Amino acid sequence: MRGEAHDRQERDPDHREAAQRHDHGRPGEHHGVARGGAQLLRGVQQHHGAGELVAQRTDGSARTLAVAASAFRITGPGRDDPALSDVRGIPELAAGRPFQAPLWQSGKRSLVDALNRQGYLRAEVTSSEARVDVATGSVALELVLDTGPRIAFGELGIDGLERYDRRIIEDLRPFAPGDPYTEAKLQEFQARLRTAGYFSSVSALPDLIALQRDPAADRVAIEVIVTELQRRRVVFGLGYSTDEGPRGQVGFEHRDILGTGLRLESALVLSAKRQRR
């Protein structure tokens with residue numbers, strides 16, 4: 001007898017005892033339940049350690065469930081986006097692999113994350129089924145993701161500035177409000193901020209809470225938090241060179257000349273050249 005995936009509660013007491021849910025997610029998402037006839041299936045249990053599911057039959061035999069087929073589909077406005085061409089399902093649960101519930105869960109989260117990285121910040125799993133064939137000890141997987149609309153970059157919210165002008169941060173961003181959001185562009189922005197020489201620490205993250213609160217929003221604000229370096233810095237150094245002997249250095253750095261954001265660096269090096277025989 002072939003097990004089936006259902007979201008409704010089992011009515012048959014024998015079936016209800018045999019069924020075990022192995023898919024938990026957000027409300028409204030359709031999930032799979034392994035089910036089998038009482039004469040064939042005594043339980044579907046997770047094998048401790050490996051996370052594999054084992055079908056135990058009433059005759060005492062047990063069989064590790066293997067993936068027989070895996071169907072994956074993307075729906076929604078971004079279904080034909082070339083940027084999503086590499087999102088092709090869960091490789092760890094390809095046909096022939098042992099079915100592992102933890103991989104099923106983490107794999108779905110990874111797929112949603114992949115859509116998020118390309119700007120589909122409202123992406124979600126809309127259908128998730130794992131149908132068990134008790135007789136063959138196999139599982140057929142089916143997964144559907146909806147991209148939702150692609151979200152664009154919004155305005156910058158900046159916190160932590162005390163001396164520097166916000167234009168320093170705005171001029172470093174590699175995107176403009178209205179450009180399609182991508183995680184790659186956001187990471188490039190953070191890298192620019194870290195290497196700019198004005199801040200000791202930086203953080204730039206999308207305001208997903210505000211986006212979630214407004215279902216009609218098509219832009220996501222970027223919250224930037226920085227800690228400023230001192231505007232002026234004087235550096236002293238001493239050293240010794242086998243070619244020049246002892247030497248000293250005095251350096252001066254100004255990171256915001258006249259409030260323009262321009263930087264000035266200067267250094268004076270003193271050394272006594274060592275005579276060679």
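Residue positions are given per chain, counting from 1 as you read along its sequence in written order. Totals for whole chains, interfaces and linings use every residue, but because this is a predicted model, local features are given only for residues with pLDDT of at least 70 and side-chain atom pairs only at 80 or more, for both listing and counting. Side-chain measures were taken over the full set of non-hydrogen atoms in the model, leaving aside hydrogen atoms and water.

A look at the overall build of the protein
Part 1: Of the regular secondary structure elements, the protein holds five helices and 14 strands.
Part 2: Per-residue burial over the protein gives 40% buried out of 277 residues.
Part 3: Note on contacts: a residue pair is in contact if any heavy atoms of the two residues lie within 4.5 Å. Summarising the internal contacts of the protein: among those between residues at least 6 apart in sequence, 59% fall at separations of at least 24.
Part 4: Note on areas: Shrake-Rupley, 1.4 Å probe, and residue coverage restricted to the protein chains presented here. Of the roughly 16200 Å² that the protein leaves accessible, carbon and sulfur atoms contribute 49%. Counting from the N terminus, the helices are the DSSP runs of H or I reaching at least four residues and the strands are the DSSP runs of E reaching at least two. Burial classification: accessible surface area is computed with a 1.4 Å probe over protein chains only, and a residue below 20% of its type maximum counts as buried, one above 50% as exposed, and the rest as partly exposed.

Comments concerning helix H4 (residues 183–195)
In an α-helix, one turn spans 3.6 residues; hence positions three or four apart end up facing the same way.
Part 1: What a helix should span is 1.5 Å times the count of its residues minus one. When the terminal C-alpha atoms of H4 are compared, their 19 Å separation across 13 residues agrees well with the 18 Å that a helix rising 1.5 Å per residue should span.
Part 2: Listing the buried residues of H4 in full gives Leu186, Phe189, Gln190 and Leu193. Projected down its long axis, H4 shows its buried positions confined to an angular sector of 95 degrees, all on one face. Facing away from the buried side of H4 by more than 90 degrees, the exposed set consists of Ala184 and Thr195.
Part 3: Contacts made by the buried residues of H4 are with strand E9 (152–159), helix H3 (167–170), strand E10 (199–206) and strand E11 (219–228).
Part 4: Just beyond H4, the residue with positive phi is glycine 197, at close to 90 degrees. By arc we mean the arc of the directions from the helix axis to the C-beta atoms, nothing more.

What to know about the environment of leucine 65
Part 1: Tracing the backbone through its elements, the reader meets leucine 65 in the loop between strand E5 (62–64) and strand E6 (66–75).
Part 2: Of the residues examined, leucine 65 reaches a relative accessible area of 0% and is grouped as buried.
Part 3: Along the sequence, leucine 65 and glycine 137 sit 72 residues apart, while their C-alpha atoms lie 4.8 Å from each other.

Overview of the pairing of E11
Part 1: Alternating positions in E11 separate cleanly, Val220, Ile222, Val224, Val226 and Glu228 being buried on one face and Arg219, Ala221, Glu223, Ile225 and Thr227 remaining unburied on the opposite face.
Part 2: Relative to E11, E9 runs parallel, the two sharing six bridges. Within E11, the residue paired with aspartate 159 across the bridge is isoleucine 225.
Part 3: Two strands form a pair only when DSSP identifies at least two bridges running between them. Relative to E11, E10 runs antiparallel, the two sharing seven bridges.

Quick look at the sheet that holds E11
Part 1: With respect to topology, three strands assemble into an open sheet ordered E9-E11-E10, the strand pairing being mixed. The two strands at the open ends of the sheet, each matched to only one other strand, are E9 and E10. Geometrically, the sheet is characterised by an average inter-axis angle of 20 degrees between neighbouring strands, direction not taken into account.
Part 2: In this fold H4 packs onto E9, E10 and E11, with an angle of close to 165 degrees to the strand it touches most, E10. Axis definition: a line fit to C-alpha positions, over the contact stretch in the case of helices; interaxial angles, taken between N-to-C directions, run 0 to 180 degrees.

Points about the pattern of salt bridges
Part 1: When a carboxyl oxygen of Asp or Glu is within 4 Å of a side-chain nitrogen of Lys or Arg, the pair counts as a salt bridge. For the coordinates displayed, the defined rule picks out eight salt bridges.
Part 2: Its salt-bridge partner being glutamate 142, residue arginine 131 comes within 3.3 Å of it at the nearest N-O pair. Residue arginine 131 is found in strand E7 (residues 124–133), and its partner glutamate 142 is found in strand E8 (residues 138–146); the two are separated by eleven residues along the sequence.
Part 3: Owing to a relative accessible area of 27%, glutamate 142 belongs among the partly exposed residues under this scheme.

What to know about the pairing of E8
Part 1: Bridging between E6 and E8 involves nine bridges; their strand directions are parallel. By the bridge assignment for E8, valine 67 is matched with valine 139.
Part 2: The pairing of E7 with E8 spans nine bridges and is antiparallel. Its bridge partner being in E8, glutamate 124 is matched across the sheet by aspartate 146.
Part 3: Between E7 and E8, which follow one another and run antiparallel, lie four residues, and glycine 137 among them has a positive phi close to 65 degrees.

Comments concerning the side chain of threonine 147
Part 1: Structurally, threonine 147 can be placed in the loop between E8 and E9.
Part 2: Throughout this description, a polar contact denotes any pair of N or O atoms lying within 3.5 Å of each other; where both atoms belong to protein, one of them has to be capable of donating a hydrogen while the other can accept it, and for residues adjacent in sequence the pair is counted only when both atoms sit in side chains. At 3.0 Å, the side chain of threonine 147 and the backbone nitrogen of glycine 78 are in polar contact.
Part 3: Apart from the residues lying within four places of it in its own chain, the contact partners of threonine 147 are Ile74, Thr75, Gly76, Pro77, Gly78, Arg79, Leu84, Leu115, Tyr120, Arg122 and Ala123.

Observations concerning the confidence of the model for the protein
Part 1: The predictor attaches a confidence to each residue, called pLDDT, with possible values from 0 through 100. Per-residue pLDDT for the protein averages 76, and the proportion of residues at 70 or more is 60%.
Part 2: The low-confidence segment residues 1–50 (pLDDT under 50) makes 124 contacts with residues lying over four places distant or belonging to another chain.

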